[in-house]
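# Residue-level structural notes
What follows is the residue order along each chain.
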2 protein chains.
Amino acid sequence: MTAPTQTFASLRDHLHQCALIASAAELLQWDERTMMPTQASEFRAEQVAYLSGRAHAMRTDSQLARWLDELEGWEAAADPHSDIGATVALARKDYEKQRRLPGELVESIAAATVRGQGCWDTARRNDDYAQFQPALDEMISLQRRAGELLADPGQSAYEGLLDQYEPGARVQDLASVFAGLRDELVQLLSEITVSARQVDDRLLKQKYSVDGQRQLSTELAKAVGFDFQRGRLDETSHPFCTSLGPSDCRILTRYDEDWLPGSLFGTLHEAGHGMYEQGLRPDWYGLPPGTFVSLGIHESQSRLWENLVGRSLAFWKHFTPQINETFSQTATPEQWHACFNRVQPSLIRVEADEATYNLHIIVRFELEQALISGELSTNDLPFAWNERYTSVIGVSPPSAANGVLQDVHWSAGLFGYFPTYTLGNLIAAQLYESADEALGGLDAQIEQGDFAPLLGWLRENVHTHGRKFTADELVQNTTGKPLSAQPLIASLRRRYAMVYDLA
Amino acid sequence: MTAPTQTFASLRDHLHQCALIASAAELLQWDERTMMPTQASEFRAEQVAYLSGRAHAMRTDSQLARWLDELEGWEAAADPHSDIGATVALARKDYEKQRRLPGELVESIAAATVRGQGCWDTARRNDDYAQFQPALDEMISLQRRAGELLADPGQSAYEGLLDQYEPGARVQDLASVFAGLRDELVQLLSEITVSARQVDDRLLKQKYSVDGQRQLSTELAKAVGFDFQRGRLDETSHPFCTSLGPSDCRILTRYDEDWLPGSLFGTLHEAGHGMYEQGLRPDWYGLPPGTFVSLGIHESQSRLWENLVGRSLAFWKHFTPQINETFSQTATPEQWHACFNRVQPSLIRVEADEATYNLHIIVRFELEQALISGELSTNDLPFAWNERYTSVIGVSPPSAANGVLQDVHWSAGLFGYFPTYTLGNLIAAQLYESADEALGGLDAQIEQGDFAPLLGWLRENVHTHGRKFTADELVQNTTGKPLSAQPLIASLRRRYAMVYDLA
């Protein structure tokens, strides 16, 4: 081997070892939330912290800089969109970003996260914002400092934080797309509210057996293409998806006999995340060519299968015989479809319908920017929250528990994370529109239960590229245009026109 | 802190980190055998190998020797049976032993184990010893070399290997105890065979639902004292017990509707292992004061609960209402007891009754010593195996699959492991005899379903000492005499006298 080939092999080997440790830590966490005996949590936390610490130490090892110095002049690494070029360029970016945070700050954040989540949990149960406020203040000040260190020249501290979840995203671009989306959603909502046709959702007010839900959820995940030889579906209280290796993706859902859509769409959502992980290149597992692009792109895959596919009439034309048989029902595809697309502005983000969901995110996106910049103090936060909810969504939180205390994110230091949810919805709709065009009409295929062409298209246009393109580049390359709110608005308008008989 | 106090804290911290990594590797392996998707095995092997390699590197880090040099003159470490003294002395022993094996030998053995198990599996399925012989030859030569390196002056290579599983054990002592046991067992067997009373086992020739077995196994494990808040019971094809942390012990069993005793006694066996792990001191997890003594002592805990407790008449007097109700039976305690104690010499060790089980072990103990010393060649092994089975157990293997190929151990390099099974049986009986005396008759307590006094006695006399005493010391201290075959022989004789109406 030539010298740079040898050096690249060392770099690759080192990053692969980081992935071995990080994926073992993921198993420890998956097991904690599914299998672990109740009294084992203290030692488990130590195991996770130790392995995460080891992975962090390896990712900031100065040996990496020496290898990268040598590789950055190498011809084979010149194209940043090639496997080698992307690995070198992104390893450099990750290394520099990780090195910007001093160890004491990383440790302070980790400790504040544990304390913060504890405080938040108590405060929410007591419906007492004041109990959470000191921990929130501490977290904001730590995150502000981290954001300042992570920000590139010309970026705000908030952008520095956002970049951890959505690399390369700019607040101005997001704000502009979100503003257009918001106006259209508010308009759509008002049309739905005054429409003469409303959804009869008595079908959902019944009890659905957990066994039936488990069976149907598994069948749906299998049908859309989640590979059970390379993954599992389990139960937990807070559903998620985790990758424990190139052929080991675990998705989780929950079953509530009083709320059928929770498990069905939760499973399709996690299966979408899972199929993305299963579509990444195994030979580059944990390295840039085999890693997801951003949380926005990850969320686009879950939302595409949950909403664009799973909430379509075509989908329920195919699955109505199955759902009716599973639960001894006799509803029509149109009835299921209407129930699963009922719009009802409400206080809680995680229970929101598709028309209002993004409004919840937009409120948080605005507030968290103001918190990090210091324009908004935590004293004024509850008032600001309630004011925004009333004006944007048209509902007024009667209590902190149903308002500003509803999400765990800020207590866990996740500032800059919320906008990736709406980005996911926007990208999902834009990708779906392109796939629909490229594949000659998806409705007919979905109605036949044929999901392979769509999954194949996503594999080829999204999954297989790993992190070699940014989210913006991927959207531009694949759909031929920059990110826009129009595909999502058009898609929602089409769907709700059908359900609510809109013009 | 004084200098040695500080050094000891560093040593303890280092060993604790080894335990964090090793226990994460254990979770990877538990998950592999219970939860992991089928296609994930290749990457999983990489994860396990990497973490095991890291733990090995930390255990042979020369920093340890520097700390130990300093600590060996420290007054607080002078007593080898104190927490500090045992930690220092055994850390030194472990370090020196691990350093004796060169890296290339450890790697050759690891590779030969993977190849060997593959060969063995194929050969057993094809009933073709010749297919396995080359791999066995390779493994014997590697193990002989390892044994020579591990042996202390005056020890044979086989003793060097044995010491890995049963520290401090001497072949001569084992051979002498085993010889006495063998004569008595052969005599007992012949009495049973000619007895006029034989066991009517039609009760076991029925089907028992897997659901019922799962329920009853869980209830038995809970009743004897396995703590489900600090452990789990799951299913797998090859039952085992593993410790993933001081409060996370996982036991596994299997359910076969055609063989009820498999799950019931398998669960009691693994629960015995599990209760030992749960009785170790959490604050010293993974360090000598919080680690099991030897495989023989570990096996004594499983065998005690499986056989001494679980196969007693008192136990079935207590559980007969429960087993009858679970499976809609009407049998008497005496009928269950007789069925669970039926003796039938057979070819396969893992299916053997208690009277013949140790004879299977004694055959392997003799043969594996001869293989390692070179007195017996693998050419002659099948003949020697069959000859021993015919003369010692009175059955003649019709094929290699039912004979010399039945166990995975040698293919996995486990020479010196088999005798710990019989040691476990011997120690179990000797401990039980002492507990019975100390607690004033266990039968009455067991008949009441009161297992707490016995478990408390084991906690105090065995579990809490960790590795601070050798197996021999522990047996001597706890029972007041050296290891002997008499308690096991007496116990079996009592039980079989009842079942087979012997003199």
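Structure: above.
Residues numbered from 1 in each chain as written. Chains lettered and ligands numbered in written order. Predicted model: local features only at pLDDT ≥ 70, side-chain atom pairs only at ≥ 80, totals over all residues. Heavy atoms only, no water.

## Considerations on the overall build of chain A
Heads up, the condition is: Note on conventions: DSSP H or I runs of at least 4 residues are helices, E runs of at least 2 residues are strands, and numbering of each starts at the N terminus. To get the radius of gyration, use the C-alpha atoms; to get the globule rule, take the number of residues to the power 0.38 and multiply by 2.2 Å. Relative accessibility thresholds used throughout: buried, under 20% of the residue-type maximum; exposed, over 50%; partly exposed, between the two (1.4 Å probe, protein chains only). When checking whether two residues touch, look at their non-hydrogen atoms; a contact exists if any pair is within 4.5 Å. For the accessible areas, the method is Shrake-Rupley and the probe is 1.4 Å, while residue cover comes only from the protein chains on display. Charge assignment: positive for Lys and Arg, negative for Asp and Glu; neither His nor the chain ends contribute. Just so you know, the charge point we use is NZ for Lys, CZ for Arg, CG for Asp and CD for Glu.
The helix and strand inventory of chain A stands at 20 helices and 3 strands. Whereas a compact globule of 503 residues would reach a radius of gyration of roughly 23 Å, chain A reaches 23 Å, a difference of no more than 12%. The principal-axis extent of the C-alpha atoms belonging to chain A is close to 70 × 50 × 50 Å. Put simply, chain A has 503 residues, and 57% of those count as buried. Pairs at least 24 residues apart make up 72% of the contacts formed inside chain A by residues separated by at least 6 positions. Summing over all exposed atoms, chain A offers an accessible surface of approximately 20300 Å²; the carbon and sulfur share of this is 50%. Here chain A holds 43 positive side-chain charges and 68 negative ones, and the gap between their average locations is 1 Å.

## Considerations on empty space enclosed by the protein
Selection rule: The pocket and cavity definitions rest on a 1 Å grid over protein atoms only: a 1.4 Å probe that fits but cannot leave marks a cavity, an open set with protein on both sides within 12 Å along at least five of seven lines marks a pocket, and residues lining either have an atom within 4 Å of a point. Grid points are joined across faces, edges and corners, and a volume is the space filled by probe spheres set on the points. Only Asp, Glu, Lys and Arg are considered charged, only Ala, Val, Leu, Ile, Met, Phe, Trp, Tyr, Cys and Pro nonpolar, and every remaining residue, Gly among them, polar.
In total, this model carries 5 cavities of 30 Å³ or more according to the counting rule given. For the largest cavity, the calculated volume is near 70 Å³. Taken together, W120, F132, R364, W385, V404, L405, Q406, D407, V408, W410, S411 and F418 of chain A form the lining of the largest cavity. Along the lines of polarity and charge, the residues of the lining of the largest cavity split into 8 nonpolar, 2 polar and 2 charged. In this structure, the second largest cavity occupies an estimated 50 Å³ of space. R364, W385, V404, D407, H409, W410 and F418 of chain B together form the lining of the second largest cavity. Looking at the lining of the second largest cavity residue by residue, the class counts come to 4 nonpolar, 1 polar and 2 charged.

## Things to note about the pattern of salt bridges
Note on pairing: side chains with opposite charge can pair once their charged atoms come close. Stated formally: One side-chain nitrogen of Lys or Arg within 4 Å of one carboxyl oxygen of Asp or Glu is enough to make a salt bridge.
As enumerated under the stated definition, the model contains 72 salt bridges over all chains in all. For R250 of chain B, the salt bridge goes to D31 of chain A, with nearest N and O atoms at 2.7 Å. Of this pair, R250 of chain B sits in strand β3 (residues 249–253) while D31 of chain A sits in helix α1 (residues 3–34), which puts the two residues in different chains. In this structure, the salt-bridge partner of R92 of chain A is E96 of chain A, at a minimum N-O distance of 2.9 Å. One end of the pair, R92 of chain A, and the other, E96 of chain A, are both in helix α4 (residues 83–100), 4 residues apart, so they sit about a helical turn from each other. One network of salt bridges, in which partners are shared, links K93, K97, R100, D152 and D163 of chain A.

## A few points about the relation of the copies chain B and chain A
What counts, and what does not: The least-squares superposition of copies is restricted to C-alpha atoms, and to residues with a pLDDT of at least 70 in both copies.
Between chain B and chain A, which share one sequence, the superposing operator has a rotation angle of 180° and an axial displacement of 0.0 Å; the RMSD is 0.0 Å. Overall, the copies show the geometry of a two-fold rotation axis. Within chain B, the C-alpha atom positioned nearest to the axis of rotation is that of A24 of chain B, 3.6 Å from it. In this assembly, 100% of the residues forming the interface of chain B have copies in chain A that are likewise at the interface, indicating an isologous arrangement.

## Comments concerning the sheet that holds strand β2 (residues 241–243) of chain B
Residue and element names in this part refer to chain B. Quick note on the threshold: Two strands pair if DSSP finds at least two bridges between them. Between the N-to-C directions of two axes lies an angle of 0 to 180 degrees, each axis being a line fitted to C-alpha atoms and, for a helix, fitted only over the stretch in contact.
A sheet is described by the order of its strands in space; here 3 strands give the open sequence β1-β3-β2, paired in mixed fashion. Two strands lie at the open edges of the sheet, namely β1 (231–235) and β2, each paired on one side alone. Within the sheet, the average angular offset between the axes of one strand and its neighbour, ignoring direction, is 20°. One ladder, built from 3 bridges, connects β2 with β3; its direction is antiparallel. The partner of S243 across the bridge, within β3, is C249. This element, helix α10 (residues 260–279), spans β1, β2 and β3 of the sheet and lies at about 165° to β3.

## Here we look at the side chain of S247 of chain B
Spelled out, the test is: Pairs of N or O atoms within 3.5 Å make up the polar contacts considered here, provided that, within protein, one atom can donate a hydrogen while the other can accept it, and that residues adjacent in sequence are counted only when both atoms are side-chain atoms.
Summarising the element assignment, S247 of chain B is placed in the loop between β2 and β3. For S247 of chain B, the side chain forms a polar contact with the side chain of R230 of chain B, separated by 3.2 Å. Here S247 of chain B is in contact with P37, Q39 and A40 of chain A together with Q229 and R230 of chain B, once residues within four sequence places are set aside.

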